[in-house]
Amino acid sequence: MKQRHLIPVPKWPNHHDWPSVAALRSIIFNSKSNGFEKAFRRVGRRVLVDEQAFFECIDQLGEQR
């Protein structure tokens, strides 16, 4: 099983320039309606970004347009 790279939202800028933390929080808030639901893991109140799933969602949404 391939290990997932889960990134806490506040540490996102250390890994990627885009999206900003504010934009990422908006994506998280709307994740059920924007197609990004599988890219986030919730542990209590903490939200972690599944890096691979996040970019797969971007690829899939880009192909739909």
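All values reported here derive from a predicted model rather than from experimental measurement.

**Student:** For this particular structure, what's the right way to read the sheet that holds strand E2 (residues 40-43)?
**Tutor:** Note: strands within a sheet are paired through backbone hydrogen bonds, in either parallel or antiparallel orientation. Reading across from one edge, E1-E3-E2 is the order of the three strands in this open sheet, with antiparallel pairing throughout. Edge positions in the open sheet fall to strand E1 (6-8) and E2, since each of these has one partner strand only. Averaged over all adjacent pairs, the angle separating strand axes in this sheet is 35°, with direction ignored. Sheet topology note: the E1/strand E3 (residues 46-50) ladder contains three bridges and is antiparallel. Bridging from a neighbouring strand, Pro8 pairs with Leu48 of E3. The sheet strands contacting helix H1 (residues 21-29) are E2 and E3, and the helix crosses E2 at an angle near 85°. Of the strands in this sheet, E1, E2 and E3 touch helix H3 (residues 51-64), which is tilted by about 65° from E3.

**Student:** Just checking my understanding: could you explain the environment of Ile58 for this structure?
**Tutor:** Structurally, Ile58 can be placed in helix H3. Under the relative-accessibility criterion, Ile58 is labelled partly exposed at 25%. C-alpha separation for the pair Ile58 and Phe36, spaced 22 residues apart in sequence, amounts to 8.2 Å. Leave out the neighbours within four places in its chain, and Ile58 touches Trp18 and Phe36.

What counts and what doesn't
- Residues numbered from 1 in each chain as written.
- Predicted model: local features only at pLDDT ≥ 70, side-chain atom pairs only at ≥ 80, totals over all residues.
- Heavy atoms only, no water.
- Pairing = 2+ DSSP bridges.
- Helix = DSSP H or I, 4+ residues; strand = E, 2+ residues; numbered from the N terminus.
- Axes fitted to C-alpha atoms, helices over the stretch in contact; angles between N-to-C directions.
- Contact = heavy atoms within 4.5 Å.
- Buried < 20%, exposed > 50% of the residue type's maximum accessible area, 1.4 Å probe, protein only.

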